[in-house]
Amino acid sequence: MIAFLRRLFRNRLAGLGAVTFAAIVLFVVVTPLLPLPDPNATATADRFMRPFSEGHPLGTDHLGRDLLARLAAGTRLSLAVGVAAALIAATIGSAIGIVAGYFGGRIDNVIMRGVDMLMAFPYILLALAIVAALGPGLMNALIAVAAVNVPFFARNIRGITVGLAGREFVDAARLSGMGHTRIILSELLPNVLPVIVIAMSTTVGWMILETAGLSFLGLGSQPPQADLGSMLGEARSALITHPHTSVVPGLMIFFIVMSINLLGDGVRDALDPRLRSGALSRPRAMTEVKREDPVPAPTDDLLALQDLHTQFHVGDRVLRAVDGVSLTVAPGECLGIIGESGSGKSVTALSVMGLVASPPGLITGGAVRFRGEDLVGAPYERLRQARGDRVAYIFQDPLSTLHPLYRVGDQLAEAIRAHHKVAAKEARARAVALLRDVRIPNAESRLDDYPHEMSGGMRQRVGIAMALANEPDVIIADEPTTALDVTVQAQILSLLDDLRRDRGLAIVFITHDFGVVAQLCDRVAVMYAGRIVEEGPTGAVLNAPAHPYTRRLIACVPELGQGRRELAAIPGLPPTLDDLPAGCAFAPRCEKARPACSAAPIPLEGSGRRAVRCLYPETRPEEAA
Amino acid sequence: MGGYILKRLLSAVPVLLGITVIVFLIMSLIPGDPATAILGAYATPENVEKLNRDLGLDEPMIERYFIWLYNMLQGDFGRSYSLNRPVLDEILERFSATLILAGTSFILCSILGILAGVVSAARQYGMADKLITFVVLIGISVPSFFLGMMMILLFAVNLRWLPVSGMYAIYGGGDLPDLIRHLTMPALALSAVATGVIARMARSAMLEVLRQDFVRTARAKGVHERRVITRHALRAAMVAIIPVLGIQAGFVLSGAVYIEIVFQWPGVGRMLVDAILTRDLLLVQGGVVFVAACYVLFNIAVDVAQSLLDPRIKT
């Protein structure tokens, strides 16, 4: 509760709402104690006195009545009526909702049909019908406003109750012989009460506004009694000659509704867990870059990552997802990057083209060079031109990575037309060719499919076709087969392998599966906690892993036909990335760890193409190479 | 598609029947004798009896409902006592004025709301976002009738840009420019709240969508950011925005009551308020059923639009 209030008031707007609302309530409570004139005492000689007149701080209305006194009385009445309507609507609506949700079946069906019917009416129209039947009057307006809000509560509370009614504690209560009434009152009600309160806090403003509206129309409070709405309605005839009589009650309604809206929003936000972590930030078009150290000198590799640092800044925490990674890729080469989830392999891949979600992502150092050009420091337009054209991506789950509302043909054509000025017809023809390239049968008719109409394997072929669209030099495949069946996985892998051989593509293949690496990759880099711990030709690393982590990772892979080999899971969990140890990050999980391992940073050492970041490697890289 | 529309239309039949039942039940809430309520306390017993007979009130309730329903299906909504003309004629005449007002407002709030929401989301936490959020906050908090009155003061009385009220000028009006001049203020005042609500919804829907994987895919393809926002993100966000448009249409349609009173707009809302104050219950009854039925049909159009937009909906 205290945490909730703190969150509520950290939200400055909600605080403003709370202060405004408190001031209005204070005004309403204090004014009866002040020596104000009777709000209904007319004095026709003093009609339409301007604000700041003597004895009438806000002036007088068309009958010479003191506006301040009337404002206080009107505000009190409006608040009371609005809150009363909210309470009535919440009580009746919640009762209906709980009964429908708890009993379910036919009762639920009948009740919710009725609620749906009521919700089919435009809101205010229903209130008008009720007032028409009951006759104008404040009490009837209150009943009408409460009645039209009943369905809202009934539907919300029913939804919550249905979820609760199937839970164990309700079953337990039922088995212990409790009656329905007791279950509803003692088990369900306490659980739905917070939801009712939130629903009230977001609707009470509306109800105040609607009762004021009915009074404004002359259907609510009748003279001489006046709420804010009827004050405004009476003042309307003098709007042009004496606007202050309209402005005073109008502004008061505005401030009441605004303060309640702000408070309601604040309450909802404070209770919405997604906003707490700040997760609702919108990722920008490219990853933010804040490099302080000098940028490493250019190389003539096709693609080179040089001492790359990518971090996530979440609140006060700094997560070092990529912590000084250097890699190179040659034309036609397949480089595997392997690691557990959270090792930073995907972030490394996304950093290449500035696709790390930012905020919270931030590239803090190093460079990504494509044919010598630094992409990290490149302006947006340059980066956009390279994306998909020179370096293309294939992502993990093609159901969520393809746009669900566009036909796959259009999505393919868009990839082409983002980089080449071609006519729609030609783009379509090329899209057919691309689908054929990835061996999709009936390519022509498949163009008009939506992603949800295809199988997982077909979708991923579309994903691959999209990456091939502009004949890129490098394809970065981020776990492209993880979401697929094993047989489909094998087909996709062999497709990628064929494409690479046919076109001389370089592939960076991100995976957590050594089996896949063995099948496809020339070289492999093993990542742990944002760093490369071992690197070398695939065969050498697989046959003689140098880093204890690599050895354990290989041991995790079950092999068919290898008899009873024990599958060794690695004990412990990867470290949290905002609290990395100075030395080896794997030391706490390593059997061979000695004090020296954790003392100081360990360099990635090796000769030729084989390197390891370990003080006590399983095999000396020199020997293995 | 044709089948889907037919299916939705058929499913509207029970809703429409439900609406007539609800209106009928509400109208039978009238305390005491309806004929006395209509004619007032000074009516002679003969008059009361005659009216009771005219209204069919001496029949049992269920029978009365079916007679009323049957007559309505024949296009006979009864006769207005205060205006002494058929209810349906009056409704149709007034409803066209309301449709012009509410329709314009609905188009305004849809366009402005979505635009504001998209800009707000695209520039999250930037100046434009803060400004829009602030204006939206005021928009959803200000009562439309008060806003309308203040607009009259500013634009009609002080600046003299626009006419104070009415739908056409009394002398020499009646053409389209005249209508537009009269329509501007009421349409803006009526759309204010809905614009705010739609803008908020559009902003959060866009923020939600911009975090999705397929937006990252579009960026990875090299699609320009402007296109990522307008084509990829907005298209997907529309799936969440369209139902809100449907709900807001209901608010605009019924909120027109206040605006019609403030601006002396000769619409169905003003007719209803006058009818309530003169106890012309047949006119109220007919008007409410008619407008509610139109709203139900409009919502079917919204559903159809949704199914056109989202191929995943089974049609």
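Please read all numbers here as calculations on a predicted model, not as lab measurements. (Residues numbered from 1 in each chain as written. Chains lettered and ligands numbered in written order. Predicted model: local features only at pLDDT ≥ 70, side-chain atom pairs only at ≥ 80, totals over all residues. Heavy atoms only, no water.)

Quick rundown of the UniProt feature "domain: ABC transmembrane type-1" (unreviewed entry) in chain A? Include the residues and the values.
Under the UniProt annotation, "domain: ABC transmembrane type-1" (unreviewed entry) lies at residues 75-264 of chain A. Counting secondary structure, residues 75-264 of chain A comes out at 83% helix and 0% strand; the distance between its end C-alpha atoms is 20 Å. (UniProt positions renumbered as here; feature names shortened; annotations may be inferred. Helix = DSSP H or I, 4+ residues; strand = E, 2+ residues; numbered from the N terminus.)

So, the state of the cysteines: which residues are in play, and what are the values?
Residues and elements named next belong to chain B. Per the counting criterion, the structure on display carries zero disulfides over all chains. The cysteine Cys109 is free of any disulfide, with Cys294 supplying the nearest cysteine sulfur at 18 Å. The buried category is assigned to Cys109, whose relative accessible area is 0%. Cys294 gets classed as partly exposed once you look at its relative accessible area, which sits at 24%. (Disulfide = S-S within 2.5 Å. Buried < 20%, exposed > 50% of the residue type's maximum accessible area, 1.4 Å probe, protein only.)

Describe the side chain of Ser221 of chain A, naming the residues involved and giving the relevant values.
Residue and element names in this part refer to chain A. With respect to the element layout, Ser221 can be found in the loop between helix 8 (180-216) and helix 9 (228-235). Ser221 sits in the buried class, given a relative accessible area of 4%. Engagement of the side chain of Ser221 in a polar contact is seen with the side chain of Asp227, the distance being 3.4 Å. Once residues lying within four places of it in the same chain are set aside, the contact partners of Ser221 are Gly137, Leu138, Ser215, Ala226, Asp227 and Ser230. (Polar contact = N/O pair within 3.5 Å; in protein donor to acceptor, adjacent residues only side chain to side chain. Contact = heavy atoms within 4.5 Å.)

Hey, could you go over the pattern of salt bridges for me, with residue numbers and the actual values?
The final tally for this structure, using the stated rule, is 44 salt bridges over all chains. For the salt bridge of Asp108 of chain A with Arg158 of chain A, the shortest nitrogen-to-oxygen distance reads 2.6 Å. Here the residue Asp108 of chain A occupies a position in helix 4 (residues 105-119), and Arg158 of chain A occupies one in helix 6 (residues 138-165), the gap between them amounting to 50 residues. On the basis of relative accessibility, which here comes to 11%, the residue Asp108 of chain A falls in the buried class. The closest approach of N and O atoms between Asp129 of chain B and Arg203 of chain B, which form a salt bridge, is 3.0 Å. Here Asp129 of chain B, found in helix 6 (residues 127-141), pairs with Arg203 of chain B, found in helix 8 (residues 176-210); they are 74 residues apart in sequence, far enough to count as distant. Under the relative-accessibility criterion, Asp129 of chain B is labelled buried at 2%. (Salt bridge = Lys/Arg side-chain N within 4 Å of Asp/Glu carboxyl O.)

For the UniProt feature "transmembrane region" (unreviewed entry) in chain B, give the residues involved together with the corresponding values.
Here, UniProt's "transmembrane region" (unreviewed entry) annotation points to residues 12-30, 95-119, 131-159, 179-202, 236-261 and 281-302 of chain B. As annotated, residues 236-261 of chain B has a helix share of 100% and a strand share of 0%, and its two end C-alpha atoms lie 39 Å apart.

Would you mind going over the interface of chain B and chain A in detail, with residue names and values included?
At the junction of the two partners, chain B supplies 79 residues and chain A supplies 75 residues. In total, about 6,900 Å² of surface goes out of reach between chain B and chain A, with carbon and sulfur atoms giving 72% of it. On the surface where chain B and chain A come into contact, there are three salt bridges. Across the pair Arg200 of chain B and Asp265 of chain A runs a salt bridge, and its minimum N-O distance is 2.4 Å. Joining chain B to chain A, the criterion identifies 20 residue pairs in polar contact (both at pLDDT 80 or more). Counting residues per element, the side of chain B that touches chain A draws most heavily on helix 10 (residues 225-262) of chain B, which supplies 17 residues. (Buried area = accessible area lost by both parts, 1.4 Å probe.)

Please give an account of the packing of aromatic side chains that cites residues and values.
Within this structure, the stated rule accounts for 17 aromatic pairs over all chains. Look at Trp206 of chain A and Phe251 of chain B: their rings are 5.6 Å apart centre to centre, the planes differ by 45°, and that puts the pair in the tilted class. Separated into two different chains, Trp206 of chain A in helix 8 and Phe251 of chain B in helix 10 make up a pair that spans both. Through a chain of ring-to-ring contacts, the aromatic side chains of Phe24, Tyr65, Phe66 and Trp68 of chain B assemble into a single cluster. Over the ring of Tyr406 of chain A we find Arg235 of chain B, and its NZ or CZ is 5.0 Å from the ring centre. (Phe/Tyr/Trp six-rings, centres within 6.5 Å; stacked < 30°, edge-to-face > 60°. Lys NZ or Arg CZ within 6 Å of the ring centre and 35° of its normal.)

Break down the domain arrangement of chain B for me, with residues and values.
All names here are of chain B. Domain assignment breaks chain B into domain 1 (1-87) and domain 2 (88-309). On a C-alpha basis, the centres of domain 1 and domain 2 stand 31 Å from each other. Opposite the 29 residues of domain 1 that make contact, domain 2 presents 25 residues. Around 2,500 Å² of area is buried between domain 1 and domain 2 when both sides are counted, 72% of it from carbon and sulfur atoms. Interface area lost by domain 1 to domain 2 is led by Phe77, Arg85 and Val87, which between them contribute 23%. Here Arg8 and Asp303 are joined by a salt bridge, their closest N and O atoms 2.2 Å apart. Linking domain 1 with domain 2 are 11 residue pairs in polar contact (both at pLDDT 80 or more), by the criterion used here. If you list the elements that add at least two residues to the side of domain 1 that touches domain 2, you get helix 1 (2-27), helix 2 (34-39), helix 4 (61-73), strand 1 (79-80) and strand 2 (85-86). Per-element accounting of the side of domain 1 that touches domain 2 gives the leading share, 12 residues, to helix 1. (Domains from an automatic or database assignment.)

Give a description of helix 2 (residues 12-30) of chain A that names residues and reports values.
Compared with the 27 Å implied by 1.5 Å per residue over 19 residues, the 26 Å span of helix 2 of chain A between its first and last C-alpha is a close match. In this structure, the buried side of helix 2 of chain A is in contact with helix 1 (2-10), helix 3 (67-103) and helix 10 (244-271) of chain A. (Expected span 1.5 Å × (residues − 1).)

Lay out the environment of Leu126 of chain A in plain terms, naming residues and giving numbers.
Tracing the chain through its elements places Leu126 of chain A in helix 5 (residues 123-134). Ignoring any residue separated from it by four or fewer positions in sequence, one finds Leu126 of chain A in contact with Leu118, Phe121 and Val148 of chain A together with Ile22 and Ile26 of chain B.

Please provide a residue-by-residue account of the packing of helix 6 of chain B against helix 8 of chain B, values included.
Residue and element names in this part refer to chain B. Look at helix 6 against helix 8: their axes get within 8 Å of each other, and the N-to-C directions meet at 140°. If you check the angle between helix 6 and helix 8, you find them oblique. When you trace helix 6 past helix 8, the crossing you get is left-handed. Contact with helix 6, carried on its side by Asp129, Val136, Leu137, Gly139 and Ile140, involves Ala192, Val193, Gly196, Val197, Ala199, Arg200 and Arg203 of helix 8 and no other residues of that element. For the contact of helix 6 with helix 8, the per-class residue count stands at seven nonpolar, two polar and three charged. (Axes fitted to C-alpha atoms, helices over the stretch in contact; angles between N-to-C directions. Parallel < 35°, antiparallel > 145°, perpendicular 65-115°, else oblique. Left-handed = near helix turned anticlockwise from the far one by under 90°. Nonpolar A, V, L, I, M, F, W, Y, C, P; charged D, E, K, R; others polar.)

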